[in-house]
Structures are given as structure tokens and as C-alpha cells.
Amino acid sequence: MTSAVNSSELAQIGVTGLAVMGSNIARNLARHGHTVALHNRSIAKTDALLEEHGSEGKFVRTETIEEFVAALQKPRRVLIMVKAGDPTDAVIEELASAMEEGDIIIDGGNALYTDTIRREASLKERGLHFVGAGISGGEEGALNGPSIMPGGPAESYKALGPLLESIAAQVDGTPCCTHIGPDGSGHFVKMVHNGIEYADMQLIGEAYNLFRDALDLTPAQIADVFTEWNNGDLESYLVEITAEVLKQVDAKTGQPLVDVIVDAAEQKGTGRWTVKAALDLGVPVTGIAEAVFARALSGSRTQRKAAVGLASGTLSEKPSDAEQFTHDISRALYASKIVAYAQGFDQIAAGSAEYDWNLHPGDLATIWRGGCIIRARFLDRIKDAYDDNAELPSLILAPYFREAIENAIDSWRRVVITAASLGIPVPAFASSLAYYDALRAERLPAALTQGQRDFFGAHTYERTDSEGKFHTLWSGDRSEVQA
Ligand SMILES: NC(=O)c1ccc[n+]([C@@H]2O[C@H](COP(=O)([O-])OP(=O)(O)OC[C@H]3O[C@@H](n4cnc5c(N)ncnc54)[C@H](OP(=O)(O)O)[C@@H]3O)[C@@H](O)[C@H]2O)c1
Ligand SMILES: O=C(O)[C@H](O)[C@@H](O)[C@H](O)[C@H](O)COP(=O)(O)O
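Residues numbered from 1 in each chain as written. Chains lettered and ligands numbered in written order. Predicted model: local features only at pLDDT ≥ 70, side-chain atom pairs only at ≥ 80, totals over all residues. Heavy atoms only, no water.

If you look the protein up in an unreviewed UniProt entry, it shows as 6-phosphogluconate dehydrogenase, decarboxylating from Rhodococcoides kyotonense. Of the protein, the UniProt comment under Sequence similarities (unreviewed entry) reads exactly: "Belongs to the 6-phosphogluconate dehydrogenase family." Heading Catalytic activity (unreviewed entry) of the UniProt record for the protein holds this comment: "6-phospho-D-gluconate + NADP(+) = D-ribulose 5-phosphate + CO2 + NADPH". (UniProt positions renumbered as here; feature names shortened; annotations may be inferred.)

Here it is as C-alpha cells:
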């Protein structure tokens, strides 16, 4: 264990916040030959890390922020891995007071991107570089290679990029880390990543529920289906771990573990942030929104308990061909997943335009191919789609995805029809299908909405055959005037 701080042992980077993520990233950095200064508010975590893993590389133990900052090579690079929100502000303030012009502070937590925009602007005034870096992959990714989404000044990426790229996951020799864009862009992109993660998990949950309630399969049988799917176009980390979770037997009861876990899903907030930001940007992220609401509904335990026994109707015929229905579910999952990703990429495009970030969707597909929670074979297809046409109006319109949906459409409809008739909730499957149908519709009932708005509020409407805004004199002779 290295505890002394002297000039010959200055660290290339410091990590403060040594809980699950920080400790594993510090180890990842050290394992890649970087000397890492360690700091945590409570010293016990620092000592535990050194005690258990001090031999994995070169660490510098520090107790105070002053010692920590003094242990770093200039320009100093500090990675903050603490709780998002006020704790991050408190740590930034402490660090900024001890650091010098040109030093770089990296926030690797799940920060709200508007906080990152504010922090970057305020630290810039103090001569410090601030990099808001989304990091995905959980504990295992942090240690063995996460996907890293750093925003902030391009200049700071020059000093930081090689180091971050060295610890990121690699796919086909390409690191899952790239400079995303200015200020809050890295955290914005990480937020949308998490939103897509929510949608993906909800869709998998709906597929699981259909297997249980429409086909009467056991968790172990469903695990086998997911394992098989993981060898095809649905191959992904989330499908893989779904099989693992479903296979798990509870040691205490002998029941499948999934049956003894309380069915109320929690959420730390990134999914909710994605939906709030999408509402402000005016982007329909229906798959993500349904996933966030589904978690909220699952947590409404009192209401749910009171509602048990409500009528489900009489249409209760189960699918007669289990093999066909299993195939249908796999296609409904694939098609709905395409919609969720298309919507997430739409939100990224809208955020990029709003904040002038100049984000490149193909780059994101590239760095999400490995390390992160939504990593999937599918991401290669998304990368190809944006390589072919960086200006795609929607991912759904890329030839590969268009064809995939065409091949899935009847299965997708059968799944939603069956679920609706059996009373099995599939909000994400159904809303994704509704989104797809609305997107491809030549005419939408929005024309009627406009008429209603004009009727009660003189809000005006556009005509299909002339330029300008119009208003009908609804309370008068109902003639039309140009507004
Ligand atoms: N867990 C994941 O899978 C995951 C994945 C990606 C990103 N993230 C993000 O990464 C960050 C770290 O996550 P985590 O799960 O490792 O840890 P966490 O539970 O979110 O945070 C614990 C760490 O924050 C420190 N901390 C809390 N309040 C503080 C304060 N006021 N001042 C200074 N330090 C404070 C704690 O120090 P003490 O030890 O002294 O309490 C501890 O080191 C979070 O922003 C999280 O959202 C997490
Ligand atoms: O990319 C990741 O590594 C995960 O998304 C990570 O960020 C974390 O596990 C989520 O924040 C959990 O989110 P919920 O608690 O909201 O499900």
C-alpha cells in the first residue's frame, strides 16, 4: 500500500467517491498502469479499497482534499464519483477551492445535464475545465470496461481522452468512449441511455409476463427462451441477465427468486428526467414514458391491492399455438425495441439542436456497443444505419429497420391483440405499435384537434391548400377569415 505523497509519486488522476462505481473505476485505472490518488469523504472506504485491492496497481492514499489535490500531476485530473445532486456540488466546491487554473474536474456520476451546464459555466469563470461524463456499465463495467460519454471542452478531452479510452470497453478494437460535445451533452446522452434502458427492461418484462400469463410457462422455461433469443438478433446484455435472474432459485423457499421479489420497481430518477426533458423538447418518447409510468404504477401498492378483483371481461382465449406465439413475442419485442431506440435517438437530435451540441448519433451507437447496460448486437445495426445516412429522419426509416418491422408487424399486432383480450398489461408494446401507426399515417386526427382549439379559443389553424393561419368565426356566420 502506498500512503506517502511525494513529488516522484504524483498520480495521473485522482478519484474521489469510492463506493461501488468509484472504487472499481479506480482499480480499472490502476490496472491499466495509471497511478491513482484515492479520496473518500469517510476514510474507511479508502482503506478498505487499499486493503483488498492495493496490490492491483499504484495508488496514493489521501485523507483530506488538500492532500488529494497535492498528490496529482499538473494539470490535475480528478474524477468525482459521488451521489448526484447536492453532494456533487459540495465536492466540486471543495475541489475547485484547492485546484488551479487549467486543472480538470470530471463528474462521472449520473448528474442532471442542466446541472452540468451550470457547473461547467461557473467553473470556466474560475479557469477550471469541467467534464460531465456519463459512465455506464454498473459495478462490473466500471472494473472491466464501461462505456464512457464525456462532455465538456474539446481541449480537456485532449488531456483526458487517452486515459478514459484506455479503461473503456473495446469493441472490434474501438474504445466505447468518445468526446460527446460541449458542457452538458455527455450527461444528456447518458440520461437518454438510461431512458432507453428503462424501455428495454419494460419490454422484456412484458414479454416475460406474456409467457407466464398467456402461455403458462415457468420462470425456468422462460429463462430458456431468453437464452435462445440471446443467440439471435435480440442478443443483448439485458436479455442475457434476464435469463440469469429467471433461472435463480431462492435458497430460503426453493421458489424461483423472481416469485419472492416484491413486484414494485424502484427508480433513482434518470428515466423520469428523460421523459421530463422529452416533454420540454416536444419529442414523443412513448416507450420510455410507459416504462417510467409502469414502474410508478407497480409502486402504487395500496391502490393495486384495492383494485385486485376488478373485472377483466370474458375474452379469455389463450393462444393455441405456443411456438407461433413465442415467435410473435420475439418479433413484438424486436419491433418495440426499434421504436424505443428510434425515439431515444430523436430526443438526442432534439437536445443537440436545442443546445447547439452538434452530436453525432453514429458515434453514440458506436460507444454503446460495449460496456454499457443497453449493449446489444442491435447497436451495430444502428451504427451502420447512421454510417449510411447521418441525416436519417427516424431510425425506423433505415432500410434494415424498416424491413425488420415489416417482418414483425403481424406478430406485433397479434401480441397486442392477445394481451388486450386476455387482460395482460403490455403498455410499452402497445404504445410502441401505436406510435409506429401514427408515424406512418397519412392523416392524423390532429386536424380535428386544431378545429376544436380554434372553436373554443380562436387558436387558428393551417390549411392543406393555402399558406398562412386561418380562423373560422364559430360564434358568428362560420365563415373563415385569415388570421
Ligand atoms: N451504481 C451504479 O451502477 C452506477 C452506474 C453508473 C453511474 N452511477 C453514478 O455514479 C455515482 C456513484 O455511484 P455509486 O453507486 O458508486 O455510489 P452512491 O451510492 O451513489 O454514492 C456514494 C458515494 O458518495 C459519497 N458521498 C455522498 N454524499 C457525499 C457528500 N455530501 N460529500 C462527499 N461525498 C459524498 C459517499 O461517501 P461516503 O462513503 O463518505 O458516504 C460515497 O463515496 C452516482 O452519481 C451514481 O448515480 C452509478
Ligand atoms: O448505465 C448504468 O450503468 C445504469 O443505468 C446506472 O446508471 C444505474 O444502474 C441506474 O441509474 C439505475 O437506475 P434506476 O435505479 O433508476 O433503475
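> So what's going on with the UniProt feature "binding site: substrate" (unreviewed entry) in the protein? Which residues, and what values?
The residues that UniProt annotates with the feature "binding site: substrate" (unreviewed entry) are Asn110, Ser136, Gly137, Gly138, His193, Asn194, Tyr198, Lys268, Arg295, Arg453 and His459. Spatially, the listed residues are scattered: they cover 350 residues, and their C-alpha atoms lie as much as 48.9 Å apart. By the element assignment, Asn110 lies in the loop between β5 (104-107) and α5 (113-125). Residue contacts for Asn110: discarding those within four places in its chain leaves Ala84, Lys190, Asn194, Thr270 and Trp273. Engagement of the side chain of Asn110 in a polar contact is seen with the side chain of Lys190, the distance being 2.9 Å. (Helix = DSSP H or I, 4+ residues; strand = E, 2+ residues; numbered from the N terminus. Contact = heavy atoms within 4.5 Å. Polar contact = N/O pair within 3.5 Å; in protein donor to acceptor, adjacent residues only side chain to side chain.)

> Please provide a residue-by-residue account of the site of ligand 2, values included.
Residues in contact with ligand 2 amount to 14 residues; listed here are only the nearest, Ser136, Glu197, Tyr198, Lys268 and Arg295. A distance of 2.8 Å separates an oxygen atom of ligand 2 from a polar backbone atom of Lys268. Contact with the protein chains hides 79% of the accessible area of ligand 2, taken as 420 Å² for the molecule alone. Across the shell around ligand 2, the residue classes break down as 2 nonpolar, 8 polar and 4 charged. (Near = heavy atom within 4 Å. Areas by Shrake-Rupley, 256 points an atom, 1.4 Å probe, with all protein chains shown as cover. Nonpolar A, V, L, I, M, F, W, Y, C, P; charged D, E, K, R; others polar.)

> Before we move on, can you summarise unusual backbone geometry with the specific residues and values?
Of the consecutive residues Lys74 and Pro75, the connecting peptide bond is found in the cis state with omega at -10°. Looking at where Pro75 falls in the secondary structure, it is placed in the loop between α3 (65-70) and β4 (77-80). Positive phi, normally seen in glycine, also occurs at Ala458, with a value near 50°. Relative to the assigned elements, Ala458 resides in the loop between α20 (446-457) and β10 (461-462). By relative accessible area, which is 44% here, Ala458 ends up partly exposed. (Buried < 20%, exposed > 50% of the residue type's maximum accessible area, 1.4 Å probe, protein only.)

> Kindly report on the pairing of β5, identifying the contributing residues and their values.
Moving residue by residue along a regular strand, the side chains alternate between the two faces of the sheet. Of the two faces of β5, both are covered, the one formed by Ile104 and Ile106 as well as the one formed by Ile105 and Asp107. Relative to strand β6 (residues 129-136), β5 runs parallel, the two sharing 4 bridges. When the bridges of β6 are listed, Ile104 appears paired with His129. Between the parallel pair β5 and β6, the chain is carried across by α5, and the sense of this crossover is right-handed. (Pairing = 2+ DSSP bridges. Right-handed = clockwise from strand over helix to strand, strands pointing away.)

> How would you explain the site of ligand 1 if you had to name every residue and give the values?
Residues in close proximity to ligand 1 total 19 residues, the closest being Met21, Asn40, Arg41, Ser42 and Lys45. Leu18 places a polar main-chain atom, nitrogen or oxygen, 3.5 Å from an oxygen atom of ligand 1. Residue Lys45 places a side-chain N or O atom 2.6 Å away from an oxygen atom belonging to ligand 1. In isolation ligand 1 has 890 Å² of accessible area, and contact with the protein removes 77% of it. Elements with a contribution of two residues or more to the shell around ligand 1: α1 (20-31) and α4 (86-98). Looking at the shell around ligand 1, its residues break down into 10 nonpolar, 6 polar and 3 charged.

> Go over the pairing of strand β7 (residues 147-150), please, and point to the residues and values.
Here β7 shows a buried face lined by Ser147 and Met149 and a second buried face lined by Ile148 and Pro150. By the bridge criterion, 4 bridges tie β6 to β7 in an arrangement that is antiparallel. Among the inter-strand pairings, Gly134 is bridged to a residue of β7, identified as Met149.

> Outline the side chain of Thr270, listing residues and values.
Mapped onto the secondary structure, Thr270 falls in helix α12 (residues 270-281). A relative accessible area of 10% means that Thr270 is categorised as buried.

> Talk me through the pattern of salt bridges; I want residue IDs and the actual numbers.
One pass over the full model with this rule turns up 29 salt bridges. For Arg61, the salt bridge identified is with Asp47, shortest N-O distance 2.6 Å. Taken together, the positions of Arg61 in strand β3 (residues 59-61) and Asp47 in helix α2 (residues 43-53) put the pair 14 residues apart, joining distant regions of the chain. Given a relative accessible area of 16%, Arg61 falls into the buried group. Accessibility expressed as a relative area gives 27% for Asp47, which makes it partly exposed. Taking the shortest distance from any N to any O, the salt bridge between Asp115 and Arg118 comes out at 3.4 Å. With Asp115 and Arg118 both in helix α5, this residue pair falls 3 residues apart, about one helical turn. Via salt bridges that share partners, Asp89, Asp107, Asp115, Arg118 and Arg119 belong to a single interconnected network. (Salt bridge = Lys/Arg side-chain N within 4 Å of Asp/Glu carboxyl O.)

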